[in-house]
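# Architecture at a glance
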Amino acid sequence: MAVASPPEGAFPLLSLVPKRETGADAFLTKQPNYDGRGVVIAILDTGVDPGAPGLQVTSTGERKIIDCIDASGSGDVCTSHTVTTAATPCDDKIELQGVSRRSLTLCNQWKNPTGVWHVGFKLLGQLFPQSVNNRIQRREEENTFYPEHRQAVANAMLELEKWSTCHPTPNQEEKDFQEELQARIDILNSLTKKYTLPTAAADVVAFHDGDNWWVAIGLDGDGDMRDVEPILPFRISGKFSTFGGDAMVNYTVDVFDDGDIVSIVVAAGAHGTHVAGIAAGCFPDESERNGVAPGAQIVSIKIGDTRLSTMETGTAMVRAAIACVKYNCDLVNLSYGEGSRWNNSGRAIKALADLPKKHGITFVASAGNNGPCLSTVGCPGGTTSGMISVGAYVSPEMMEAQHGLLEKTPGQNYTWSSAGPSTDGMLGVDISAPGGAISSVPSWTLKQHQLMNGTSMSSPNACGCIALILSGLKDNFLQYSPFSIHRALVNTARSVSRAETFVLGRGLLQVGPAYDWLCRYHAAPERDIRFGISCSMSRHTSGRGIYLRDGCASLTQPVPCTVTVTPMYPRDHAKYTESQLALELRLSLVSTETWARTCSHLAVANSARAFQVSVDTRGLEPGAHYAEVQAFDSSDVSRGPLFRVPVTAIVPKQLPDGVHEITETISFDSGVPQRRFIQVPETATYADISLSNATDKVASSRYSVHAVQLEPGLRFSEREFCKTMSPLAEEEKQEAQFSVMGGVVLDVTIAKWWASSKPGTIQLTLKFHSLQSIGAPSTLGSNDGFQKVLVRSGLGGHCILQPQCQLTHSVQVVLPSERKTVLPLGERDRSDSNELNYQLQLTYKFHVGVAGMKSPQFRFLTSVLYESDYHAQLWMLYDSNKAYIGAGDAFADRYSLKLEKGEYTLKLQVRHHTVERLDALKDLQLSVVSKLSSPLCLDVYGSQNELMKGGSKFSSRAVPTAVAVPLFIACPAPDKIPSHVKANSVLEGTLSFSKPLAPALNSKNPVGVDRQPFTFSVRQLSSSTAKSTTPSPPMTSLTPSLALGASTEESTSPANGTSNGSSAAKSESDKYQEALRDFNIGWMSKNGDMSQYAELAKAYPDHLPLLSARLTAAYIQLEKSPFTGASTLLAAANKIISTTDVEKVLSDKLRKKDPRPDAASIKSAAEKKRHVYQEALIKKGFALLSLAKTKVPETADGNTQTRDEALAALADDAEEGADVPRSTEEISTQLSAVTLDLQTWFDLWEAKVLPLARAFFAYKGWYGKAIKAALKLADIPTNNMSIKEQGELAKWLDVLEYKHMAGACRRMQHIAYPPTYLPF
């Protein structure tokens, strides 16, 4: 084999963080001191790791990161609980009780003049990224837990085998121990299947030394924090600490609200660190690895909420804007964004847009990664005035150094880079910059750098370039504004061949020309002005540009548009008064295209001016057309346009009458999208699209197929189809299907993937279909019987009608159970003008009857984030023990949680700057949307007659044009409705009519793409369904019916519980006496008051409800007096046990055939007696255990006594029938007898018996069986293991020397039983 020659040339380090494309490298070579020094950049992202490579110092040796801020609040710890100790401790340590229930030991050298300690608690798993949590768990399992666990299992099996060999014919006592040994194996195997390693819990202590706040975080779990080194807030010290071991997570701290909140700041993802490295990374010993502006400093502001998988929140945005002003930032980079339903409005948008408009901070944001269709720019970057929106460019050098491509293509924008214009006509993309980099990432990723690409990378590249420019301007004391920066960038950007303005913006950013422009025109009269543009084409439409799209094809004359331009200075700045007065601009207006005409001149002073623009699309070919009306200063046109009015005209292709299909052969170059705009037929509801390879050779190119329609009030993604196709051969056809909206222009954009270097040719086929419902309501009620729907095909040819109606989710509506008073927020939420923001907190409680996926939704607030009029919304969900489960915000469909049966509490916080708007939400409804275990398909018939007789269901048929086909959707049978669905609930799903092009695998009932929402209202339930939803009685208490005794057969007899005639034969006096009796019985069982028992017992000595009530009342008294109360409970239990003929009871209950006429009532009575007998045995067992385990009371004269002495005294004073044991030995004997009876007639592992079995096994020292019983109890959805029981479990595991499981169990206590709810 030939030996390869050694490679020549150095590694292209400069292309790792691209600088040549923008001229940043040449600028730094010429001006090395203008490297960003003196410039502060705010990075609004997932947080920046202060320990990541290149983010420690600037090129001048200053601290790189000024502060690390968690604006999301996901790292907040509530430390409002305070403990006061001596200001000057006398001992060598300070001891106090932590919120974590641990006893904390602090170092006495910590300076705390007041002696006030703020204590809190935080689970580290709630701080760390999920990848870190997974790694910690995996390594601890592999290195510690499973080796110990496997050894424990092996030892248990060997012990059982040895015991069995030595005891071939065991007696009962030996059998019990043999069962114990087997139980140990069972629990070890069971715990292996259920085991997930709990996260570590940290104790947090904050204290004030007289000058600053300090924070200490204890991680060892033993409460000893003397070796912990407290740290100052990062802004003061510049120091960070590390959660070591397998975590490798660096963190900083801050303290707010006078010590009541400690913020532990951890990067929620690698994204923010990567972005910071691109913008301003600095490697003093390897400058080739530097970011674009190595001299700049950074303020890291975490807006990605760890609770929401790094999703940004309105709270974080508002807080971030406040912090940017506080730290006098020069630049902001936001590499985040979402689609929005409307543009340039909302509380979060206002807070962010005020940074350039009011505070002079230049704002740079990513345009989005949702291309290649038009109008896919993200919010806020592509939709908000005053921001610089950046698209993603890739150069040949980047293709080689970053992506390792063998064949390079000319420079272009990435295929997925979002395209303008915004839906109100603003261009949406201002400039482009390199959209990929290999940059620093956090330490917890276990690597130093990583490749990422996206507009998230182009934005910080552009931001770094602007930092270079600002560095030079500041050094020369030249004035600028965010708007002069914007004009310089767009007027000097370099055009790129083959790139569209919609994607590229005004060009590729160029540092040197932009800097020169700003130096030359730093004193221009419009320097500080933002020109507000408003374009009105009718009384009802206006925007920041002219955008003709829907309706453009039918235009028969030019469209007149009134453009109003308003010079806007930064608000509330008196220094601009003279400039406002002196402003006089004499402008020349020029249109870049002849089809957009305007006037030639306009004089502008400090007020709004309007002028006319006429757009004539009549001669334009189908496609997207772009023009600009540019305004120049007539006295100096070299400055370039002072403002631009974007004009976009989409001329769609009109299909001839009777033609509903397009077939076209299209040739492609890499990176050049092919756009087709089609006027969708008015009646069309869905479309088929197919691609086939039209070249002779087999090719493996990837094509991005993207289709978008714009519907007012919706995000583009709500009317979007996107798929990657790779047709290989001419005979191969790749097909897809998507829904369309009739009468609305459809943008179908196909782009050859940016990395595909060879040209390609494909054949595109697009065919529209129509299956419309005529006036059909979308709701069916259970009382309606059926819903009639008329379906008609509105296009030529035949459409295949294949209806499918599926219900997939149930909806439970919940009202708030608690409403907190609207209160002002804390210091982090107050702006520079000290404007107060307020919060409303609502609490919701709901029950989950069937485990499954649940999505909590507040539909009044859903699907709007940046554009919402409310600052923010955030909910957090907890179980009945306050254990945190999950969180969600505006986008309800992103936050589904798997919930088990049980009770849940949801806390909601909504923020606004007015109390009135929050007061209006005090009755806001929560919708708990549950995914059904399987879709409920409703039967569809072709006629009412077929439906009524249960005949043939409608399958599919071809529908000719204009023919209406009736469909009858039947209500589901009551037994088909899921048992957990209650009356007045709603089931939601979809109704579709089209035949799926390619049904999903394993789908028995494929749904067409033209699906529309469909709801089924459950207005009443069948008796069987209602019965199945009745909750079972508590495991250790009697049922209400037995306790009250109002409807049992025994209640008819004054003495013995047998029937004594019909109720009609009773006198009014008898009825009164029975009602009074039943009331007293009910009162006894409810309150434990047995004052009426003796009198009732004389009249009804064997009345079963009375005996049951006495048992319940005695159990209540046992809880109050665990030792002396046992005597009363034993008497009550023994009375029932002694009077019950258990063999007869079981015979009556279990008899399969009973010819007696009253067999049903006999069997029912037997079941009740069986239940009471079982309860009596259980309660007697608890009474005996209470005598064995509770503290022995002192004698009447205050002397101590042994347990046997106390038992003998109690037995002497006990009432008749109590049979109180006189010694611990007798307790053991009676307990064994009770458990033997339970084993004989019932099952010790039965749910109702398990609590006693667990306690009995523990009493006997059979901890394997005790743990097994405890685990079985925990598996019962209605039962929650208490923190005390969890602690017992850990102790038992310690006794068995299963230390690994005992440790996990104790750590689980902090997760399963937190002391408080989390702060918002």
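Predicted model only: the values in this text are computed from it and were never measured.

Conventions we followed
- Residues numbered from 1 in each chain as written.
- Predicted model: local features only at pLDDT ≥ 70, side-chain atom pairs only at ≥ 80, totals over all residues.
- Heavy atoms only, no water.
- Helix = DSSP H or I, 4+ residues; strand = E, 2+ residues; numbered from the N terminus.
- Buried < 20%, exposed > 50% of the residue type's maximum accessible area, 1.4 Å probe, protein only.
- Contact = heavy atoms within 4.5 Å.
- Areas by Shrake-Rupley, 256 points an atom, 1.4 Å probe, with all protein chains shown as cover.
- Lys, Arg positive; Asp, Glu negative; His and termini not counted.
- Charge placed at Lys NZ, Arg CZ, Asp CG, Glu CD.
- Patch = residues over 30% accessible without salt bridge, like charges linked within 9 Å, V, L, I, M, F, W, Y side chains within 5 Å.
- Salt bridge = Lys/Arg side-chain N within 4 Å of Asp/Glu carboxyl O.
- pLDDT = per-residue confidence, 0-100.
- Phe/Tyr/Trp six-rings, centres within 6.5 Å; stacked < 30°, edge-to-face > 60°.
- Lys NZ or Arg CZ within 6 Å of the ring centre and 35° of its normal.
- Pairing = 2+ DSSP bridges.
- 1 Å grid on protein atoms, 1.4 Å probe; cavity = no way out; pocket = protein on both sides within 12 Å on 5 of 7 lines; lining within 4 Å.
- Points joined across faces, edges and corners; volume = space filled by probe spheres on them.
- Nonpolar A, V, L, I, M, F, W, Y, C, P; charged D, E, K, R; others polar.
- Core = buried A, V, L, I, M, F, W, Y, C linked by side-chain atoms within 4.5 Å.
- Expected span 1.5 Å × (residues − 1).
- Arc of directions from axis to C-beta.
- Axes fitted to C-alpha atoms, helices over the stretch in contact; angles between N-to-C directions.
- Parallel < 35°, antiparallel > 145°, perpendicular 65-115°, else oblique.
- Left-handed = near helix turned anticlockwise from the far one by under 90°.

### With respect to the overall build of the chain
Scanning the chain from terminus to terminus reveals 29 helices and 58 strands. Considering only C-alpha atoms, the chain reaches an extent of 115 × 90 × 80 Å along its principal axes. Counting every position in the chain, which comprises 1320 residues, the buried fraction comes to 55%. A separation threshold of at least 6 residues defines the contact pool for the chain, and within that pool the share at least 24 residues apart is 75%. With the model as given, the accessible surface of the chain reaches about 56,200 Å², and the carbon-plus-sulfur share is 50%. Placing the 129 positive and 138 negative side-chain charges of the chain at their respective mean positions leaves the two points 4 Å apart.

### Observations regarding a negative patch on the surface
On the surface, a cluster of negative charge is contributed by Asp1204, Glu1205, Asp1219, Glu1225 and Glu1226. For the negative patch, the elements supplying multiple residues, two or more each, are helix 24 (1203–1213) and helix 25 (1224–1241). Tracing the chain through its elements places Glu1205 in helix 24.

### Things to note about the confidence of the model for the chain
For the chain, mean pLDDT is 89; residues scoring 70 or higher make up 93% of the total. Contacts for the low-pLDDT stretch residues 1022–1063, under 50 throughout, to residues beyond four places or in other chains number 77 contacts.

### Digging into the packing of aromatic side chains
A full pass over the atoms with the stated rule returns 31 aromatic pairs. Seen in terms of ring centroids, Phe668 and Tyr703 are 5.2 Å apart; in terms of plane orientation they differ by 65°. Their pairing is edge-to-face. Of this pair, Phe668 sits in strand 33 (residues 661–668) while Tyr703 sits in strand 36 (residues 703–708); the two residues are 35 residues apart in sequence, bridging distant segments of the chain. Here Phe668 matches Tyr703 in class, with each residue buried. With a centroid separation of 4.8 Å and an interplanar angle of 15°, the aromatic rings of Phe721 and Phe738 are classed as stacked. Taken together, the residues Phe721 in strand 37 (residues 720–725) and Phe738 in strand 38 (residues 733–739) connect sequence positions 17 residues apart. Each member of the pair Phe721 and Phe738 is classed as buried. One aromatic cluster is present, built from ring pairs that chain together Trp1245, Phe1256, Phe1257 and Trp1262. The ring of Phe891 is capped by Arg894, whose NZ or CZ atom sits 4.1 Å from the centre of that ring.

### Notes on the pairing of strand 48 (residues 852–857)
Of all the 6 residues making up strand 48, 5 are buried; the element is thus mostly covered by neighbouring parts of the structure. Relative to strand 51 (residues 897–899), strand 48 runs antiparallel, the two sharing 3 bridges. Opposite Lys854, over in strand 51, you have Leu897 as the bridge partner. Pairing of strand 48 with strand 53 (residues 926–938) involves 4 bridges; the strand directions are antiparallel.

### Looking at empty space enclosed by the protein
Evaluated as defined, the whole model comprises 11 cavities of 30 Å³ or more. Of the voids in this model, the largest cavity is the one considered here, and its volume is about 170 Å³. Taken together, 16 residues form the lining of the largest cavity, with Asn413, Val503, Gly671, Val672 and Pro673 sitting closest to its centre. Its residues assigned to classes, the lining of the largest cavity shows 7 nonpolar, 7 polar and 2 charged.

### Re the environment of Val1007
Structurally, Val1007 can be placed in the loop between strand 57 (985–994) and strand 58 (1012–1018). Linking Val1007 and Phe993, residues 14 residues apart in sequence, is a C-alpha distance of 8.2 Å. Apart from residues no more than four positions distant in its own chain, Val1007 is found in contact with Gln804, Gln806, Thr990, Ser992 and Pro996.

### Some thoughts on the nonpolar core
If you look at the biggest cluster of nonpolar residues, it comprises 89 residues, and the most contacted ones within it are Leu1187, Leu1238, Leu1293 and Tyr1298. Grouped together as the second largest cluster of nonpolar side chains are 82 residues, Cys68, Val249, Ala267 and Ile388 included.

### Description of the sheet that holds strand 26 (residues 559–568)
Pairing is antiparallel in the open sheet, where 5 strands are placed in the order 24-23-26-30-28. Since the sheet does not close on itself, it has two edges, and those belong to strand 24 (542–543) and strand 28 (596–598), each with one partner. Relative to strand 30 (residues 609–615), strand 26 runs antiparallel, the two sharing 7 bridges. Across the sheet, residue Val559 finds its bridge partner in strand 30, namely Val615.

### A word on helix 25
Each α-helix winds once per 3.6 residues, and so residues spaced three or four apart point in a common direction. Here helix 25 contains 18 residues, and its C-alpha end-to-end distance of 26 Å stays within 8% of the 26 Å for a straight helix at 1.5 Å per residue. Taken residue by residue, helix 25 has Ile1227, Gln1230, Leu1231, Val1234, Thr1235 and Leu1238 as its buried positions. Looking straight down helix 25, one finds its buried side chains confined to an arc of 135°; they lie on one side.

### A word on the pairing of strand 8 (residues 201–208)
Among the 8 residues of strand 8, 7 are classified as buried, and the element is accordingly described as predominantly covered. Taken together, the 6 bridges between strand 7 (residues 116–123) and strand 8 define a ladder with antiparallel strand orientation. From the neighbouring strand, Phe121 faces strand 8, where its bridge partner is Asp203. As judged from the 6 bridges shared by strand 8 and strand 9 (residues 213–218), these two strands associate in the antiparallel manner. Bridge pairing links Val205 to Ala216 in strand 9. Linking two consecutive strands that pair antiparallel, namely strand 8 and strand 9, is a turn of 4 residues; a positive phi of about 100° is found at Gly210 within it.

### Here we look at unusual backbone geometry
Omega for the bond connecting Gly371 with Pro372 falls within 30 degrees of zero, at 15°, which places this linkage in the cis form. By the element assignment, Pro372 lies in the loop between strand 17 (362–366) and strand 18 (388–394). Pro380 follows Cys379 through a cis peptide bond whose omega is 15°. Of note, Pro380 is situated in the loop between strand 17 and strand 18. Notably, Asn328 is not glycine yet its phi reads approximately 50°, a positive angle. On the secondary structure map, Asn328 appears in the loop between helix 6 (314–326) and strand 16 (331–334). Judged by its relative accessible area of 61%, Asn328 falls in the exposed class. With a phi close to 70°, Asn984 is a non-glycine residue in the positive phi region. Within the secondary structure, Asn984 sits in the loop between strand 56 (964–970) and strand 57. The exposure class assigned to Asn984 is exposed, which follows from its relative accessible area of 69%.

### Topic: the packing of helix 20 (residues 1104–1120) against helix 21 (residues 1125–1139)
Where helix 20 contacts helix 21, the two axes come as close as 8 Å, and the packing angle between them is 155°. Relative to helix 21, helix 20 is oriented roughly antiparallel. Helix 20 and helix 21 meet at a crossing whose hand is left-handed. Touching Leu1107, Ser1108, Arg1110, Leu1111, Ala1114, Tyr1115, Gln1117 and Leu1118 of helix 20 are Gly1125, Ala1126, Thr1128, Leu1129, Ala1131, Ala1132, Ala1133, Lys1135, Ile1136 and Thr1139, all from helix 21. Considering only residue class, the contact of helix 20 with helix 21 consists of 11 nonpolar, 5 polar and 2 charged.

### Examining the side chain of Asp354
Topologically, Asp354 is positioned in helix 7 (residues 347–359). Once residues lying within four places of it in the same chain are set aside, the contact partners of Asp354 are His359 and Arg571.

### Observations regarding the environment of Ala488
With respect to the helices and strands, the residue Ala488 is situated in helix 10 (residues 482–492). A residue is classified by how much of its surface remains accessible, and Ala488, at 0% relative accessible area, is buried. Each C-alpha atom of the pair Ala488 and Gly640 lies 8.8 Å from the other, and the pair is 152 residues apart in sequence. Residues in contact with Ala488, not counting those within four places in the same chain, are Ala514, Trp517 and Leu518.

### Examining the pattern of salt bridges
In the structure shown here, the tally under the stated rule is 53 salt bridges. Asp616 is paired through a salt bridge with Arg618; the nearest N and O atoms lie 2.9 Å apart. Exposure remark for Asp616: the relative accessible area of 24% places this residue in the partly exposed category. Residue Arg618 is classed as partly exposed on the basis of its relative accessible area of 48%.

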